[in-house]
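Observations on the model geometry
Listed below are the residues making up each chain.
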Amino acid sequence: MRAYFRFPILFLLPSLAGFLAFNLGPILVSFLLSFVSYDGLEPLTLKTLREHWVGLANYHRLLEDPSFHRAFWNTFLYVGVAVPLEILLALLLALGLNRPWRGVRILRTLYLLPTVTSVVAVGLLWRWVLNPTVGPVNLFLRYLGQQLEGLWHRFGAEAPSWVVWLAREGPGWLADPGWALWGVILASVWAGVGLRMLIFLAGLQNINREYLEAASLDGASSFQRFLYVVLPLLSPTLFLNTLLAMIGGFQVFGLVYTMTGGGPLDSTNVLMLYLYRKAFGTFPFEMGYASAIAWVLFLLLFTLTYLQWVLRRRWVLEEA
Amino acid sequence: MKLWTKLWDAVVFLLLLLGGLTMIVPFLWMVSTSLKAPGTVFDLPVQLWPSELHWENYSRVLTTVPFGRWYLNSLILALGLTLLNLTSGAMAGYAFARFRFRGQALLFLLFLATLMIPVHVLIIPLFILMRNLGWVDTYYALILPGLFDAFAIFLMRQHFLQLPRELEEAAIVDGATPWQIYWKVALPLAAPALATLGTFTFLAGWNSFLWPLIVTNSLEMRPLTVGLAVFQGQFSTEWTVLMAGLTLGTLPPILVFLLAQRYFIQGLTLGSLKG
């Protein structure tokens with residue numbers, strides 16, 4: 001019989017203290033706060049909680065708050081576009097980078113560089129990259145537009161207005177309410193695709209090569225091998241990767257804070273930014289209301305995770 | 001047939017290369033801007049690389065804002081968090097790997113369940129707690145909430161479970177206490193896991209934004225991320241200076257990543273595949 005130690009109190013003490021003081025305690029307080037109207041100025045005691053108890057009023061208010069609705073839909077739009085784009089690109093990249101080529105490691109490293117850069121740096125950098133007049137994105141788009149325009153002229157025709165617009169002007173990105181969220185999405189896909197690629201790569205390398213060889217012997221083309229062998233075996237990774245991307249996406253904050261601050265005209269205001277502003281940004285602070293936002297967001301993420309697990313049962317091939 | 005495969009490979013390689021370029025062009029743009037003369041960034045046609053290198057942007061960023069202090073704060077935050085996390089995570093991980101006690105499974109499950117709790121649920125009460133303790137705008141508030149980290153505990157437990165027990169059993173026979181065995185035998189063997197966790201935590205600490213933004217408010221206590229984000233208005237017309245600041249700020253995480261890439265990638269994939 002193996003000897004095990006008992007009485008691990010000394011070993012567990014730091015983590016346990018941290019768990020109680022900085023996790024479990026705050027979760028309970030956060031839940032209580034969401035039923036209270038609290039401006040964060042007076043000390044928080046049981047008496048304060050009782051005196052400012054408003055029941056479900058914070059949650060009712062959410063239903064009628066147009067700024068919250070805006071933030072809610074912006075967040076959904078952001079997640080709905082950025083996540084599928086990121087996952088698709090990452091999957092293609094992983095398939096490409098999974099080849100035994102020389103120098104493929106260097107390429108992988110390139111794709112990972114934005115992953116280790118802070119969101120603040122990414123956000124500030126991309127404000128500059130998306131500059132409508134001198135930013136590289138619009139320089140490229142203008143160049144593209146001019147080439148297209150030239151092509152039309154060569155055939156003696158007038159270029160359509162969108163080509164002229166692309167050649168002369170291009171999107172106004174972060175300054176234009178219609179484009180701002182797309183600018184944020186562009187930056188976020190650029191920054192996030194490397195990590196997703198890495199996770200796909202780990203999944204691909206777990207696939208037993210014998211399956212692929214067997215399929216080859218049976219005469220499957222490389223596309224058939226991907227569709228009928230790789231994809232099913234990769235499905236757990238695909239599910240997990242999508243889930244993680246969505247959870248991260250719903251909590252997007254730093255990128256929006258640095259790129260647009262939620263503007264122009266609330267066009268990029270997202271849930272986390274709204275929460276931050278209510279609790280810490282604009283006076284008077286509404287920490288109770290912000291807590292209610294936090295719990296709605298939590299419920300959203302929880303439902304999402306639960307749904308993924310239900311779907312997983314039906315769609316994911318589990319290897320015995 | 002053979003030719004088509006080769007052609008296809010070439011196309012794939014070209015696309016990957018193009019994508020790779022897309023990844024570094026913004027960084028190159030950042031460095032190039034940081035070396036331009038302040039008044040020339042909006043000149044058309046755009047200069048891709050400045051003909052004359054203006055290093056004064058780098059000295060300007062050190063004098064317009066307390067950049068050195070922010071840098072130091074980020075370093076203290078990242079290193080402090082790493083040290084704290086490694087200490088408490090390894091200890092708890094060892095407890096779950098090598099001890100048997102009542103409620104062990106339940107406690108472990110409870111710890112793991114916190115991975116489901118997004119940080120935004122915690123920040124408001126945590127801020128109130130920090131204020132009550134008088135810790136707002138101190139290093140305590142920046143670092144100490146990292147005392148408990150379920151991911152660290154999980155990672156260290158996995159590693160300790162994989163270690164062969166013979167060395168530790170020999171130490172028991174020699175009459176060593178659990179703490180001596182942990183400190184002298186098990187922990188040195190866990191160096192690779194500590195490196196993984198350390199790299200990971202250092203980068204997370206250096207890049208952290210939301211919590212430091214909330215819990216610091218004086219110019220002197222901001223870490224670099226918060227300083228740059230909050231005071232970007234100071235650079236409103238000085239993109240060259242801001243880009244010099246960003247270049248300096250992006251250097252440490254990229255260096256750490258390049259030096260410890262193996263550990264970092266291990267941590268990332270482990271964290272997302274099992275976490």
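Residues numbered from 1 in each chain as written. Chains lettered and ligands numbered in written order. Predicted model: local features only at pLDDT ≥ 70, side-chain atom pairs only at ≥ 80, totals over all residues. Heavy atoms only, no water.

Some thoughts on the overall build of chain A
Of the regular secondary structure elements, chain A holds 14 helices and 0 strands. Across chain A, helices and strands are ordered from the amino to the carboxyl terminus as α-α-α-α-α-α-α-α-α-α-α-α-α-α. Principal-axis analysis of the C-alpha atoms gives chain A an extent of 80 × 70 × 35 Å. Counting every position in chain A, which comprises 320 residues, the buried fraction comes to 52%. Considering only residue pairs separated by 6 or more positions, chain A has 66% of its internal contacts joining residues 24 or more positions apart. Accessible area for chain A stands at about 16000 Å²; split by element, carbon and sulfur atoms hold 66% of it. A gap of 9 Å separates the mean positions of the 22 positive and 17 negative side-chain charges of chain A. (Helix = DSSP H or I, 4+ residues; strand = E, 2+ residues; numbered from the N terminus. Buried < 20%, exposed > 50% of the residue type's maximum accessible area, 1.4 Å probe, protein only. Contact = heavy atoms within 4.5 Å. Areas by Shrake-Rupley, 256 points an atom, 1.4 Å probe, with all protein chains shown as cover. Lys, Arg positive; Asp, Glu negative; His and termini not counted. Charge placed at Lys NZ, Arg CZ, Asp CG, Glu CD.)

Things to note about helix α10 (residues 191–207) of chain B
Each α-helix turn comprises 3.6 residues. Residues three or four places apart therefore point the same way. All names here are of chain B. The terminal C-alpha atoms of α10, which comprises 17 residues, lie 24 Å apart, in line with the 24 Å expected from a rise of 1.5 Å per residue. Burial runs high along α10: 12 of the 17 residues are buried. Taken residue by residue, α10 has A193, L194, T196, L197, G198, T199, T201, F202, L203, G205, W206 and N207 as its buried positions. (Expected span 1.5 Å × (residues − 1).)

Things to note about the nonpolar core
Counting residues in each nonpolar core, the largest one holds 149 residues, and the members touching the most others are W126(A), F253(A), F280(A) and I124(B). Ranked by residue count, the leading element in this core is helix α9 (residues 180–205) of chain A, at 15 residues. If sequence neighbours within four positions are ignored, W126(A) has contacts with V137(A), L186(A), A187(A), W190(A), M259(A) and P26(B). If you look at the next biggest cluster of nonpolar residues, it comprises 36 residues, including L107(B), A152(B), L155(B) and L194(B). (Core = buried A, V, L, I, M, F, W, Y, C linked by side-chain atoms within 4.5 Å.)

Describing a nonpolar patch on the surface
Residue and element names in this part refer to chain B. A contiguous nonpolar patch, built from W8, V11, L15, L18, L21 and V25 and spanning about 590 Å² of accessible area, is present on the exposed surface. Checked against the element boundaries, V25 lands in helix α1 (residues 2–34). Accessibility expressed as a relative area gives 37% for V25, which makes it partly exposed. (Patch = residues over 30% accessible without salt bridge, like charges linked within 9 Å, V, L, I, M, F, W, Y side chains within 5 Å. Salt bridge = Lys/Arg side-chain N within 4 Å of Asp/Glu carboxyl O.)

A short note on the interface of chain B and chain A
At the junction of the two partners, chain B supplies 91 residues and chain A supplies 87 residues. Both faces combined, the contact of chain B with chain A buries some 8100 Å², and carbon together with sulfur accounts for 80% of it. Connecting chain B to chain A are 1 salt bridge. A salt bridge links D9(B) to R99(A), with the nearest nitrogen and oxygen atoms 2.5 Å apart. The tally of links between chain B and chain A comes to 14 residue pairs in polar contact (both at pLDDT 80 or more). Of the residues forming the side of chain B that touches chain A, the biggest block, 17 residues, is contributed by α1(B). Among the residues making up the side of chain B that touches chain A, the classes are represented as 71 nonpolar, 14 polar and 6 charged. (Buried area = accessible area lost by both parts, 1.4 Å probe. Polar contact = N/O pair within 3.5 Å; in protein donor to acceptor, adjacent residues only side chain to side chain. Nonpolar A, V, L, I, M, F, W, Y, C, P; charged D, E, K, R; others polar.)

Topic: the packing of helix α10 (residues 209–217) of chain A against helix α11 (residues 222–250) of chain A
Residue and element names in this part refer to chain A. Look at α10 against α11: their axes get within 10 Å of each other, and the N-to-C directions meet at 165 degrees. Here α10 is positioned roughly antiparallel relative to α11, judged by the angle of their axes. For α10 against α11, the interelement crossing comes out right-handed. Contacts between α10 and α11 involve Y211, L212, A215 and S216 from the first element and R225, V229, V230 and L233 from the second. (Axes fitted to C-alpha atoms, helices over the stretch in contact; angles between N-to-C directions. Parallel < 35°, antiparallel > 145°, perpendicular 65-115°, else oblique. Left-handed = near helix turned anticlockwise from the far one by under 90°.)

Describing helix α7 (residues 136–154) of chain A
Between its first and last C-alpha, α7(A) extends 27 Å over 19 residues, near the 27 Å set by a 1.5 Å rise per residue. Directly beyond the C-terminal end of α7(A), a positive phi value near 70 degrees is found at G156(A).

A few points about the pattern of salt bridges
This model, assessed by the stated rule, comprises 9 salt bridges over all chains. The residue R168(A) makes a salt bridge to E149(A) at a minimum N-O spacing of 3.0 Å. With R168(A) in helix α8 (residues 161–168) and E149(A) in helix α7, this residue pair connects regions lying 19 residues apart in the sequence. According to the relative accessible area criterion, E149(A) is buried, its value standing at 10%. Two residues, R98(B) and E168(B), come together in a salt bridge whose shortest N-O distance is 3.0 Å.

Things to note about the packing of aromatic side chains
Residue and element names in this part refer to chain A. One pass over the full model with this rule turns up 51 aromatic pairs over all chains. Pairing W73 with F76 gives two aromatic rings, centres 5.8 Å apart and planes at 55 degrees, and the pair type is tilted. Here W73 pairs with F76, and both are found in helix α4 (residues 66–97), just 3 residues apart, close to one helical turn. For F76, a relative accessible area of 31% corresponds to the partly exposed category. Ring plane angle 80 degrees and centroid distance 6.0 Å describe the contact between Y257 and Y276, whose orientation is recorded as edge-to-face. Of this pair, Y257 sits in helix α12 (residues 254–259) while Y276 sits in helix α13 (residues 271–281); the two residues are 19 residues apart in sequence, bridging distant segments of the chain. (Phe/Tyr/Trp six-rings, centres within 6.5 Å; stacked < 30°, edge-to-face > 60°.)

Section: the side chain of T48(A)
Residues and elements named next belong to chain A. Within the secondary structure, T48 sits in helix α2 (residues 46–51). Residue classification places T48 among the buried residues on the basis of a relative accessible area of 4%. Within the structure, the side chain of T48 is placed 3.0 Å from the backbone oxygen of P43, a separation counted as a polar contact. Those residues in contact with T48 that sit more than four places away from it in its chain are Y38, E42 and P43.

Regarding the side chain of E86(A)
Residue and element names in this part refer to chain A. Relative to the assigned elements, E86 resides in helix α4. With relative accessibility at 9%, the residue E86 sits in the buried group. Discounting chain neighbours no more than four positions away, the residues touching E86 are S188, V189, G192, V193, R196 and A245.

Notes on the environment of A244(B)
All names here are of chain B. Relative to the helices and strands, A244 is located in helix α13 (residues 239–259). Residues A244 and S59, spaced 185 residues apart in sequence, show a C-alpha to C-alpha distance of 8.9 Å. Apart from residues lying up to four places away in sequence, A244 is in contact with S34, N57 and Y58.

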